[in-house]
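Here is what each chain is made of, one letter per residue.
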Amino acid sequence: MVKDNKKGHTYIQWIFALLANITLLAYGMECGWISPTTKILQSEASPTGYPLSDNMVSWIASAMSMSAIFGVSLYSYIADAFGRRIGIILIAIPEAISWIIKLSYSSTTTLIISRMFAGLAAGGCFNIVPMYVKEISQDDMRGVLGTLPMLLQTVGLLIMYIIGAYLSYFTVIWVVLSLPILTILLLLKAPESPAFLVNRGKINEAIETVAFLRGLEKDDKIVQSIVDSMKKEDEHFKTLPNISILSILKEHSWRHGLILCLFCFVFHGLNGSYAIMTYASTILISTGVKFDISPEIQTLSFPIVIIISALALAACVEKCGRKPLLVGSYLISACSMTAIAVMMVLQKQVIVVPSWLPVTTMMLAVAMYGGGISPLPYIIMTEMFSFQVRAKVVGIAVTFGWLMTFTLVTIYTPMCNAFGQFSPFVFYGAINFGGVIFTAIFIPETKGKSEEEIFEILSKKKDTKTQNVI
């Protein structure tokens, strides 16, 4: 059991962080569902009653990403208006509806509708869940618990690949449907975010919640200090006008932080690892790999690599800090992407490349994505902003992140056709090298720092730039 200054415990924080992230486990299973199910949907035994065409399957697959963009704004409002706990319950409800629709009636239209419900929930998963986990976690736990979304999402993906291959269509649906239902029932007893309770004037309830989460007495000095800090911050923000997107853009520290987050998601979204996971077979052929990798092994290998790298990140994120790990992840990924491009060029020149090298570089790039490039921006983003503006800023950044991922998938094939198979990886290499430089120069280290300390860092950077201009 991990101790906090030799007092209290942390297992309650672990329990509710894991519980909130069951929505990410269900999201990962929804993401993976289309892969093993495509063969069934396109067969004569399709639950729709007729084999689906490639175009129909494509529409079903893409429906989730399209509706996710709208889900982000919806859940940002819910998080501020009704609370983080209610928000997570309202994520689990459309997740359950998605699987109930699949179970009740299967047609192309209903499957698209079910995926749209799943997309709305997905828009909230990366919005509310990281906020809730951050707000119930003590400072030295934020990094470790912040790795759970990537870890459970990937575990869900792996589980779906396995059960989708060996269980029947409707059995799979029953299995996954149990997850959001379980989440809803258990979250009815979960505590609300202490920061939200303070914001609503429920100070005694906030004190009881902090004490419960940390295993301390209500009159403990640590508990009182935490709630007093929340009260002070809340009182300050209540003296300000209503906080809107425009007011966030006007306040230089918030604007600075938002710009940093948006740039983070440019490098995160255009990193290229998602393209590797999507087009792995084509990429291997282009690099000259001669041996065949079975589809089952290829499908399972990526989530396994991501799970291992996410666990490695959880083990070291509170020791090494966010910034060094993110710089290192981008650097290794940049080298891997560049190496893939070089191997493709060599293949065109009829130069033999060892078969293990392309596979290793691809796995390394995916490992850096799962162990740094994907989870760390979310951790940094939730730590960078105070409760009063967090939901709005996270909503903007996550929406932008979905747009960048959509852009990545959309431009891959046109780039290959226009400039050659190697060209996207030259682009990915440049993006990752840009991520190294940007992170090293501009991103503040947020490990172990309070919101006030991070706010001061952002303010000082602005003041320094102003003095330099003068």
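From a predicted model like this one, the values you see are computed outputs, not experimental measurements. (Residues numbered from 1 in each chain as written. Predicted model: local features only at pLDDT ≥ 70, side-chain atom pairs only at ≥ 80, totals over all residues. Heavy atoms only, no water.)

Undergrad: Please set out the overall build of the protein chain residue by residue, giving values where relevant.
TA: The helix and strand tally for the protein chain stands at 22 helices and 0 strands. Relative to the compact-globule value of 23 Å for 470 residues, the protein chain shows a C-alpha radius of gyration of 23 Å, a close match. Across its three principal directions, the C-alpha atoms of the protein chain cover 70 × 60 × 45 Å. Out of the 470 residues in the protein chain, the part that is buried amounts to 55%. By sequence separation, contacts in the protein chain at least 24 residues apart represent 81% of the contacts at least 6 residues apart. In the structure as shown, the protein chain presents an accessible area of about 20300 Å², 68% of it carried by carbon and sulfur atoms. Across the protein chain, the centroid of the 34 positively charged side chains sits 3 Å from that of the 30 negatively charged ones. (Helix = DSSP H or I, 4+ residues; strand = E, 2+ residues; numbered from the N terminus. Rg over C-alpha atoms; globule rule 2.2 N^0.38 Å. Buried < 20%, exposed > 50% of the residue type's maximum accessible area, 1.4 Å probe, protein only. Contact = heavy atoms within 4.5 Å. Areas by Shrake-Rupley, 256 points an atom, 1.4 Å probe, with all protein chains shown as cover. Lys, Arg positive; Asp, Glu negative; His and termini not counted. Charge placed at Lys NZ, Arg CZ, Asp CG, Glu CD.)

Undergrad: Outline a nonpolar patch on the surface, listing residues and values.
TA: A contiguous nonpolar surface patch, about 400 Å² in accessible area, is contributed by Ile162, Tyr166, Leu167 and Val175. Relative to the elements of secondary structure, Tyr166 occurs in helix α7 (residues 148–166). Residue classification places Tyr166 among the exposed residues on the basis of a relative accessible area of 71%. (Patch = residues over 30% accessible without salt bridge, like charges linked within 9 Å, V, L, I, M, F, W, Y side chains within 5 Å. Salt bridge = Lys/Arg side-chain N within 4 Å of Asp/Glu carboxyl O.)

Undergrad: Which residues make up empty space enclosed by the protein, and what are the values?
TA: Under the counting rule described, the total for this entry stands at 4 cavities of 30 Å³ or more. A volume near 100 Å³ is recorded for the largest cavity. Forming the walls of the largest cavity are Pro130, Val133, Lys134, Ser137, Arg142, Leu145, Gly146, Pro149, Tyr378, Ile379, Thr382 and Glu383. Looking at the lining of the largest cavity, the elements with two or more residues in it are α5 (108–136), α6 (142–146) and α19 (375–384). Considering every element that reaches the lining of the largest cavity, the biggest residue donor is α19, with 4 residues. Taken together, the residues that form the lining of the largest cavity break down as 6 nonpolar, 3 polar and 3 charged. (1 Å grid on protein atoms, 1.4 Å probe; cavity = no way out; pocket = protein on both sides within 12 Å on 5 of 7 lines; lining within 4 Å. Points joined across faces, edges and corners; volume = space filled by probe spheres on them. Nonpolar A, V, L, I, M, F, W, Y, C, P; charged D, E, K, R; others polar.)

Undergrad: Could you give me a rundown of the packing of aromatic side chains, with the residues and numbers involved?
TA: Using the criterion set out here, one finds 15 aromatic pairs in the structure. An angle of 55° between the planes, with centres 6.3 Å apart, marks the rings of Trp33 and Tyr169 as tilted. Placement of Trp33 in helix α2 (residues 22–41) and of Tyr169 in helix α8 (residues 169–187) is noted, with a sequence separation of 136 residues between them. The class of Trp33 is buried, set by a relative accessible area of 1%. Both rings, one in Phe126 and one in Tyr378, keep their centres 5.6 Å apart while their planes meet at 35°; by these two values the pair is tilted. Taken together, the positions of Phe126 in helix α5 and Tyr378 in helix α19 put the pair 252 residues apart, joining distant regions of the chain. Taking the relative accessible area as the measure of exposure, Phe126 reaches 10% and is therefore buried. Across from the ring centre of Trp99, 4.0 Å away, lies the NZ or CZ of Lys102, which sits over that ring. (Phe/Tyr/Trp six-rings, centres within 6.5 Å; stacked < 30°, edge-to-face > 60°. Lys NZ or Arg CZ within 6 Å of the ring centre and 35° of its normal.)

Undergrad: Now, about the pattern of salt bridges: what can you tell me, with residues and values included?
TA: Counted by the stated rule, this structure contains 9 salt bridges. Asp80 serves as the salt-bridge partner of Lys392, at 3.4 Å between the closest nitrogen and oxygen. You can see Lys392 sitting in helix α20 (residues 387–419) and its partner Asp80 sitting in helix α3 (residues 54–82), a full 312 residues away along the chain. Looking at Lys392, the relative accessible area reads 26%, which means it is partly exposed. One connected set of salt bridges, linked through shared partners, spans Asp80, Arg84, Glu135 and Lys392.

Undergrad: Quick rundown of the packing of α3 against helix α4 (residues 84–104)? Include the residues and the values.
TA: For the pair α3 and α4, interaxial distance at closest approach is 7 Å and the crossing angle is 140°. For the element pair α3 / α4, the angle class is oblique. Taken together, the residues of α4 that come into contact with α3 (itself represented by Tyr75, Ile78, Ala79, Asp80 and Phe82) are Arg84, Ile86, Gly87, Leu90, Ile91 and Pro94. Of the residues assigned to the contact of α3 with α4, the class counts are 8 nonpolar, 1 polar and 2 charged. (Axes fitted to C-alpha atoms, helices over the stretch in contact; angles between N-to-C directions. Parallel < 35°, antiparallel > 145°, perpendicular 65-115°, else oblique.)

Undergrad: Could you give me a rundown of the environment of Ser58, with the residues and numbers involved?
TA: You can see Ser58 is positioned in helix α3. The exposure class assigned to Ser58 is partly exposed, which follows from its relative accessible area of 41%.

Undergrad: Tell me about the packing of helix α1 (residues 11–20) against α5, and name the residues and values.
TA: Running from amino to carboxyl end, α1 crosses α5 at an angle of 175°, the nearest separation of the two axes being 10 Å. Comparing the axis directions of α1 and α5 gives the class roughly antiparallel. The residues of α5 that touch α1, namely those facing Gln13, Phe16, Ala17 and Ala20, are Val129, Tyr132, Val133 and Ile136. When grouped by side-chain class, the residues that make up the contact of α1 with α5 number 7 nonpolar, 1 polar and no charged.

Undergrad: Which residues make up the side chain of Thr108, and what are the values?
TA: By the secondary structure assignment, Thr108 is in helix α5. Setting aside anything within four residues of it in sequence, one finds Thr108 in contact with Thr48, Tyr50, Leu52, Met56 and Ile60.

Undergrad: So, the nonpolar core: which residues are in play, and what are the values?
TA: In terms of nonpolar packing, the biggest core is built from 122 residues, with Trp33, Ile276 and Phe425 touching the most fellow members. By residue number, the principal contributor to this core is α5, which donates 12 residues. When residues no more than four places from it in sequence are discounted, the contact partners of Phe425 are Ile276, Ile283, Met337, Thr338, Ile340, Ala341, Met344 and Tyr412. Val198, Ile207, Val210 and Leu216 belong to the second-largest nonpolar core, a separate cluster that totals 12 residues. (Core = buried A, V, L, I, M, F, W, Y, C linked by side-chain atoms within 4.5 Å.)

Note that every value here comes from positions in space, so none of it alone points to a role or purpose.
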